[in-house]
Amino acid sequence: MPDLRDMELLAALAKNRHFARAAAECGISQPAFSARIRNLELSLGAPIVKRGNRFMGFTAEGEIALKWAHRMIADGRGLHQEIEDARDALSGKLVIGVVPTALTFVSKVAAALRDDYPSLIIQILSHSSVEIARGLEEFSLDAGVTYLGSTLPAESTSRHIYDERYECLMPRSIAPDVENDITWQEAARLPLCLLTGNMRNRKIINNAFEAADAAPNLVMETNAFTAALVQVASGTAATIAPEVLVDNIGVADDVVRLKLIEPTVVEPIGIVISKHEPRLPAVDALMSWLSKGKR
């Protein structure tokens, strides 16, 4: 039977997509790393790595092995965490995949959770909703904070956290002469920096513009809200951002924030976890923290 160390090597190879870097991360030589991968193939009776002059990906059997590797690693972490939790000393790692619009919210949650569990290491990864679903299925993520309206893994359970509503942020120099609200048609006429088309947030925004019979004046795309906010701060473009994100980061005095109306768009954000049992104690701690309304 493959041991846990073999599974860790396989996961490192998937992460680095390079034998030498994966070996370095695992603290062994490249020849020793390659030998263990070959021995793993022999024990499984199937090739798991596509071979060439460089790493070329996994075979179909390798993808299956990788899925189980992530699951075995997660179970191993769960064992250690449950032992520590029984001693009232929860530690280890909690890996959360988060859509970009919820990063500031989850960062605050993580900081508060660590107040209760100071030995817990929380890793927050910015992912699209599709990547979060895949990460939960492959056990490379312990939890996901994502759009509940997106496609969720079959073997998962979810809980609503908050509703995402949208605002238009813009430099005062290009802001229209309006009070508190701006229509999607009015926003479409501004030079806009938006998230890239593969992001669920962008699909929601596109649908809102379509419902308003408007075509956005797109001048820049990015896969990180930080870049969009820099465009706003520099006075070169406006952006559309969730209300929660803006509340958490705040805005400068020379930035105008207006609520988007006609239509008013509301998208539920929630936490999604695998139904796999036993569950990681750190996931239970996170779910308990959220259910108590501490957010």
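None of these values were measured; they are calculated from a predicted model.

**Q** I'd like a description of the packing of aromatic side chains, backed by residues and values.
**A** Throughout the structure, instances matching the rule amount to five aromatic pairs. Judged by centre distance (5.3 Å) and plane angle (70 degrees), the ring pair of Phe-55 and Phe-58 falls under edge-to-face. Assessed through its relative accessible area of 8%, Phe-55 is described here as buried. Judged by relative accessible area, which is 6%, Phe-58 ranks as buried. With centroids separated by 5.1 Å and ring planes inclined at 90 degrees, the aromatic side chains of Trp-184 and Phe-209 adopt a geometry described as edge-to-face. Placement of Trp-184 in helix H7 (residues 184-188) and of Phe-209 in helix H8 (residues 200-211) is noted, with a sequence separation of 25 residues between them. For the pair Trp-184 and Phe-209, a shared accessibility class is recorded, and that class is buried. Among the aromatic residues, those joined into a ring-pair cluster are Phe-19, Phe-33, Phe-55 and Phe-58.

**Q** Can you break down the pairing of strand S10 (residues 266-274) residue by residue, with the values?
**A** Burial within S10 is extensive, with seven of its nine residues counted as buried. When strand S3 (residues 143-147) meets S10, the two strands line up antiparallel, connected through four bridges. If you follow Val-145 over to S10, its bridge partner there is Ile-271. Sheet topology note: the strand S4 (residues 156-171)/S10 ladder contains nine bridges and is antiparallel. Residue pairing for S10: Thr-157 is matched across the bridge by Ile-273.

Scoring rules and cut-offs
Residues numbered from 1 in each chain as written. Predicted model: local features only at pLDDT ≥ 70, side-chain atom pairs only at ≥ 80, totals over all residues. Heavy atoms only, no water. Phe/Tyr/Trp six-rings, centres within 6.5 Å; stacked < 30°, edge-to-face > 60°. Buried < 20%, exposed > 50% of the residue type's maximum accessible area, 1.4 Å probe, protein only. Helix = DSSP H or I, 4+ residues; strand = E, 2+ residues; numbered from the N terminus. Pairing = 2+ DSSP bridges.

Taken by themselves, the reported measurements are silent on function.
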